[in-house]
Amino acid sequence: MKVFAINSSARTGDISKTEIVLDWLIEGMREEKAEVTVVNIHRKRINYCKGCFVCWTKTPGKCVYKDDMTKELLPAYLESDLCIMATPLFHFTVNAKLKTFIERTLPMAQPFFVLRNGVTSHPLRHEPPPVVVVSVAGFPEMSVFDQLSSYIQFLYRDRLVAEIYRTASELLAGPMFPKKLDSVREAMIQGGRELAKSMSISPETMTAMMQPLTSFEKMGPMGNLAWQTCIDEGVTMGQFQKRKMVPRPNSIETFMAVMRTGFNAEKAVDVNFTIQFSFSGAVTGDCHMAVANGAIDFREGPVAEAGLIIKTPFDVWMDILTRKADGQQMFMDQKYSVEGDFELLMKMGEVFGRSDS
Ligand SMILES: Cc1cc2nc3c(=O)[nH]c(=O)nc-3n(C[C@H](O)[C@H](O)[C@H](O)COP(=O)(O)O)c2cc1C
């Protein structure tokens, strides 16, 4: 099976969630011996269709332009057995580069009008390949793809093999949901295998590929913190992700949320402790975490049986958390103090953070 995979994202590598998802799918297809050609059309020269209709009249089937679309992309598209179109969701639809590609497939059609299922259309000059559409979107709700899906279904109708949509895309390369991400990745690879084997994807695999990663309630506050940290530190979100920066909490609630996110259950098996934070300065108040048998329970307020109490100005601890300051140095400089079992500080350090961060 000859597969022509189009990636229209302007971003590359781990930063591009379109590329991540497409790579997983292709991994599965190649396992099943599909011959996959991947082209990032963002790096290709594709002029806008200017609507001259020369491809319909003077030179039927041939565009007036001599760019990458006429020389390379349209022939590869028409020769393939399956085309995968992968695009970031931009303003609720395909991005401009993919739209430009789609418009430039006009030479494939003939000018005449025919009625198909009550809808006016143009007969095709060439038999185009079946299509799989892949898209990733930043928002967490599946409904964000409604407009794209409606457009794609209208455009490709009976040759649409699958629509693969991934919400909350910016979490795909992050450390937040390692188990769910593994399951999404495995499902995407499986989806690729099924496509190569049977030109279809089972409902179970589709559900696993598109399983929700998060909700607005979880993603909104953390996302806002991350964006605010980018603004404050003068970095792009790409740099933030590449440097594995920690969003800087601005309240006890967001502090607890960030800590919960960084908790590594695997490192906390057989670990038991309770630590209380008593904040002063910009944010005042208490909260405490109880770590027991691989789980964390983080709550607002003080606790009676804390093994350790950390008394610290809020900003000092946030500097330590976001790696702007060294915890030991700050302790020696008496920027914060502790009461209780000092060793628990080390234990706490051990149960946060993933092996890759
Ligand atoms: C111009 C622009 C428009 C976007 N529009 C939407 C949108 O309508 N809905 C959404 O959920 N995400 C939107 N996003 C977020 C992207 O879909 C998301 O970040 C995606 O991961 C980008 O793909 P990439 O990682 O391959 O670049 C938009 C991003 C940009 C830059």
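Residues numbered from 1 in each chain as written. Predicted model: local features only at pLDDT ≥ 70, side-chain atom pairs only at ≥ 80, totals over all residues.

A.B. asks: Mind showing me how you'd approach the overall build of the protein here?
C.D. replies: Summing up its helical and strand segments, the protein has 12 helices and 12 strands in all. Taken over the C-alpha trace, the protein has a radius of gyration of 26 Å; the compact-globule value for 357 residues is 21 Å, which it surpasses by more than 25%. Counting only C-alpha atoms, the protein reaches 85 × 40 × 35 Å along its principal axes. In the protein, of all internal contacts separated by at least 6 residues, the share reaching a separation of at least 24 is 70%. (Helix = DSSP H or I, 4+ residues; strand = E, 2+ residues; numbered from the N terminus. Rg over C-alpha atoms; globule rule 2.2 N^0.38 Å. Contact = placed C-beta atoms within 7 Å.)

A.B. asks: Hey, could you run me through helix α3 (residues 96-103) in this one?
C.D. replies: What sets the pattern is the α-helix's 3.6 residues per turn: residues three or four places apart point alike. Buried residues of α3: K97, L98 and F101, and no others. In a view along the axis of α3, the buried residues occupy a sector of 95 degrees, so they form one face of it. Next to the buried residues of α3 lie β1 (2-7), α2 (68-79) and β3 (82-88). (Buried ≥ 20, exposed ≤ 12 C-beta atoms within 10 Å, placed from the backbone. Arc of directions from axis to C-beta.)

A.B. asks: Even after reading the chapter, I still don't get the sheet that holds strand β11 (residues 308-313), so can you show me in this structure?
C.D. replies: Adjacent strands of a sheet form backbone hydrogen bonds with each other and so pair up, either parallel or antiparallel. Ordered in space as β10-β9-β8-β11-β12, the 5 strands form an open sheet in which the pairing is mixed. What marks the edges here is a single partner per strand, and that holds for β10 (295-300) and β12 (337-340). Taking each pair of neighbouring strands and ignoring which way they run, the sheet shows an average axis angle of 15 degrees. Sheet topology places β11 next to β12; 4 bridges connect them, and they run antiparallel. (Pairing = 2+ DSSP bridges. Axes fitted to C-alpha atoms, helices over the stretch in contact; angles between N-to-C directions.)

A.B. asks: Would you explain the site of the ligand in this entry?
C.D. replies: Around the ligand, the structure places 17 residues, and the nearest of them are S9, T18, P88, A137 and F139. Taken together, the residues that form the shell around the ligand break down as 8 nonpolar, 6 polar and 3 charged. (Near = placed C-beta within 6 Å. Nonpolar A, V, L, I, M, F, W, Y, C, P; charged D, E, K, R; others polar.)

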